[in-house]
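Read off the chains here:
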Amino acid sequence: MPSLFPPRVPRRLLACLVGGLLAGAVTAPAAAADSWTVPADARITIRGHGYGHGHGMSQYGAEGAARAGLGYRKIARFYYPGTSWGRAGGRIAVLVSADTSDDVVVLARTGLTVRDLGSTERWTLPENGASRWRLAAGPGGTTVVSYLTKAWHQWKVLTSDAELFAGGEPIQLVTPTGTRPYRGRLRSARPSPGSSARDTVNVLAMDNYLRGVVPLEMPALWSPAAVQAQAVAARTYAAYERAHPRARHYQICDTTSCQVYGGYAAEHPASNAAIDATRGEALLVGGQPAFTQFSSSSGGWTAAGSVPYLTARADPYDGWSGNPVHSWSVVVTDEAVEARFPAIGNLQRIVVVGRDGNGDWGGRVVSMRVIGSAGRVTVSGDAARSVLGLRSTWFTFAVRAAR
């Protein structure tokens, strides 16, 4: 299950979040016991809680809360205090990362239509025996529309970027790794004016987009209230990203840097029902979509985020028996740590410099230091988590000689 729940922190915020933790956040000093001497040839056990950054909703916690009888609105209220209920709809533009080519190729089908985004003209493509249709960059910012029989044939040159759609029915996008169905429109879009490169962007209604998100972020067959809370969090997060677009030609990506989106093939009846049950509902702050981060497991305490409604608080719902990442442990050797911090030489000591003050061991690691024969390195808790491959920044150490 952890593979379904990667951390949810946008890359563009990571540097400022880490910098803020080290430079400006109020943190608890580490206890005197947060220092470990490391002998030569050591085995280091790292114990921890939770999976992900811990901001906002714990997905395992949402399921635990649902099992405790909470409805989706109470779950949302617990994890996003200070937000209010509102609406989010409209369309959203999603970068399709699987299509790494500079063209958009789809399988031919009845009703397939192309639209010129510059002139706004549209044409229903002929049923002429073609097996595929293609949008490719032409000279001067134009788009060349072609079709495939035994070979590719040019059909029309459009004035600008262009998109394909089929009257509300899914269309099959051909990517380098296979064919994938998508609702809405598939757009061939320039990253910048004058660029000869093109990206594939899926433009579709918000709740149709969510149908390809929610079952990849949370098991669709979990308790309905948990999946409904996930639908609200994902809808709100998407609306926030739309208001703070990633690029000029799309608003949100389809990977773990945003929310995982798999298109029509990812849909599940149970998660579709959760989306329908919460249709259009979103969480607002000051009348605008909230930044509803979520992650797999809080470990029993949520972590303070970059906005006031992402609070640090004890989470009584995360520790239900079905959560395998509420508590975890891994064992590494001193050589493995040295390989990740080569500047230190032979590892001699590990020191946790600061924690956030919440929960076991004083809470999540804010900064730590590794000291060796050749030098020392101080890193943020987020950097330590990344370098050591840990599930979260909430961890502690136990050190012993390997023999």
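Preceding this paragraph is the structure being described.
The numbers attached to residues start from 1 for each chain and follow its sequence in the written order. Restriction of local features to residues with pLDDT of at least 70 applies here, the model being predicted, together with a cutoff of 80 or more for giving and counting side-chain atom pairs; totals for whole chains, interfaces and linings are based on all residues. Side-chain figures throughout are based on the complete set of non-hydrogen atoms in the structure, without hydrogens or water.

Participant: Help me understand the pairing of strand 14 (residues 171-175), please; the structure alone is not making it clear to me.
Facilitator: In summary, the side chains of a regular strand alternate between the two faces of the sheet. Throughout, exposure labels follow a simple rule: accessible area from a 1.4 Å probe, protein chains only, divided by the maximum for the residue type, with under 20% read as buried, over 50% as exposed, and the rest as partly exposed. Only DSSP runs of H or I covering at least 4 residues are called helices, and only runs of E covering at least 2 are called strands; the numbering of each starts at the N terminus. The buried count for strand 14 comes to 4 of 5 residues, which makes it a mostly enclosed element. Bridge count for strand 7 (residues 103-107) against strand 14 is 2 bridges, and the pairing is antiparallel. Each residue of the ladder has a partner; that of Val 105, found in strand 14, is Val 174. Pairing between two strands is assigned when DSSP locates at least 2 bridges connecting them. Of the strand pairs in this sheet, strand 14 and strand 15 (residues 178-182) are connected by 5 bridges, and their pairing is antiparallel. Looking at the pairing, Gln 172 lines up with Pro 181 of strand 15.

Participant: Help me understand the sheet that holds strand 5 (residues 84-87) in this model?
Facilitator: Where strands meet in a sheet, backbone hydrogen bonds hold them as pairs that are either parallel or antiparallel. One open sheet holds the 3 strands; their spatial order is 5-18-19, and the pairing between them is antiparallel. A strand with exactly one partner marks an edge of an open sheet, and here the two such strands are strand 5 and strand 19 (288-289). Bridge count between strand 18 (residues 281-285) and strand 19: 2 bridges; the pairing is antiparallel. Each bridged residue has a counterpart across the sheet, and for Leu 284 the counterpart in strand 19 is Pro 289.

Participant: When you look at the pattern of salt bridges in this model, what are you seeing that I'm missing?
Facilitator: Each salt bridge in this description consists of a side-chain nitrogen of Lys or Arg and a carboxyl oxygen of Asp or Glu lying within 4 Å of one another. The full count for this structure, using the stated rule, is 13 salt bridges. The salt bridge involving Glu 281 is made with Arg 73; its shortest N-O contact spans 2.6 Å. Of this pair, Glu 281 sits in strand 18 while Arg 73 sits in helix 3 (residues 72-79), and the two are 208 residues apart along the sequence. Overall, the relative accessible area of 9% leaves Glu 281 in the buried class. On the basis of relative accessibility, which here comes to 35%, the residue Arg 73 falls in the partly exposed class. Where salt bridges share partners, they join Arg 115, Glu 163, Arg 185 and Arg 187 into one cluster.

Participant: I would appreciate a short explanation of the packing of aromatic side chains in the present structure.
Facilitator: Here a ring pair, both rings aromatic, is described through the centre-centre distance and the interplanar angle of the planes. Classification of ring pairs rests on two measures: the distance between centres of Phe, Tyr or Trp rings, Trp counted by its six-membered ring, which must be within 6.5 Å, and the angle between planes, read as stacked under 30 degrees, edge-to-face over 60 and tilted in between. The final tally for this structure, using the stated rule, is 15 aromatic pairs. Seen in terms of ring centroids, Tyr 60 and Trp 222 are 5.2 Å apart; in terms of plane orientation they differ by 55°. Their pairing is tilted. On the criterion of sequence distance, the pair formed by Tyr 60 in helix 2 (residues 59-67) and Trp 222 in the loop between helix 5 (214-217) and helix 6 (224-243) is long-range, its members being 162 residues apart. Seen from their ring centres, Phe 395 and Phe 397 are 5.6 Å apart, and the 85° between their planes marks the pair as edge-to-face. The two residues Phe 395 and Phe 397 agree in class, both being buried. Members of the aromatic cluster, connected to one another through ring pairs, are Tyr 237, Tyr 240, Phe 291 and Phe 294. Both a distance and an angle decide whether a charge sits over a ring: NZ of Lys or CZ of Arg must be within 6 Å of the ring centre and within 35 degrees of the ring normal. The cationic tip of Arg 134 hangs over the ring face of Trp 152; the distance from NZ or CZ to the ring centre is 4.1 Å. Cation over ring: Lys 156 sits above Trp 155, and NZ or CZ is 5.1 Å from the ring centre.

Participant: Whenever I open this one, the side chain of Thr 396 confuses me. Can you help?
Facilitator: One can find Thr 396 in strand 25 (residues 395-401). Contacts: residue pairs with any heavy atoms within 4.5 Å of one another. Ignoring anything within four residues of it in the chain, the contact list for Thr 396 reads Trp 36, Thr 45, Ile 46, Arg 47, Arg 355 and Trp 361.

Participant: Is there a simple way to think about helix 3 in this case?
Facilitator: Because an α-helix completes one turn every 3.6 residues, residues spaced three or four positions apart along the sequence face the same direction. Those residues of helix 3 lying buried are Tyr 72, Ile 75, Ala 76, Phe 78 and Tyr 79. End-on, the buried residues of helix 3 take up no more than an arc of 160°, which puts them together on one face. Structurally, helix 3 contributes buried residues whose contacts are with strand 4 (57-58), helix 2, strand 5, helix 6, helix 7 (269-277) and strand 18. Throughout, the arc means the angular range of directions from the helix axis out to the C-beta atoms.

Participant: How do you make sense of the state of the cysteines when you look at a structure like this?
Facilitator: In a disulfide, the sulfur atoms of two cysteines are covalently bonded to one another. Throughout, a disulfide means two cysteine sulfur atoms within 2.5 Å of one another. Taken as a whole and judged by the stated rule, the model has 1 disulfide. Two residues, Cys 253 and Cys 258, share a disulfide whose sulfurs are 2.1 Å apart. Measuring the twist about the S-S bond at about 110°, one finds the Cys 253-Cys 258 disulfide to be right-handed. By relative accessible area, which is 9% here, Cys 253 ends up buried.

Participant: Where do I start with the nonpolar core in this structure?
Facilitator: The tendency in soluble globular proteins is for nonpolar side chains to be buried side by side. Ranked by size, the top nonpolar core spans 70 residues in total, and within it Met 57, Ile 75, Leu 164 and Tyr 209 carry the most contacts. Ranked by residues supplied to this core, first place goes to helix 6 with 12 residues. Here Met 57 is in contact with Ala 62, Ile 75, Tyr 79, Tyr 80, Ala 229, Gln 230, Ala 233, Gln 293, Phe 294 and Ser 295, once residues within four sequence places are set aside. As used here, the term nonpolar core means buried Ala, Val, Leu, Ile, Met, Phe, Trp, Tyr and Cys residues forming a set that is joined through side-chain atoms within 4.5 Å. Listed in part, the 21 residues of the second largest apolar core include Leu 347, Met 368, Val 370 and Phe 397.

None of this, on its own, says anything about what the molecule does.
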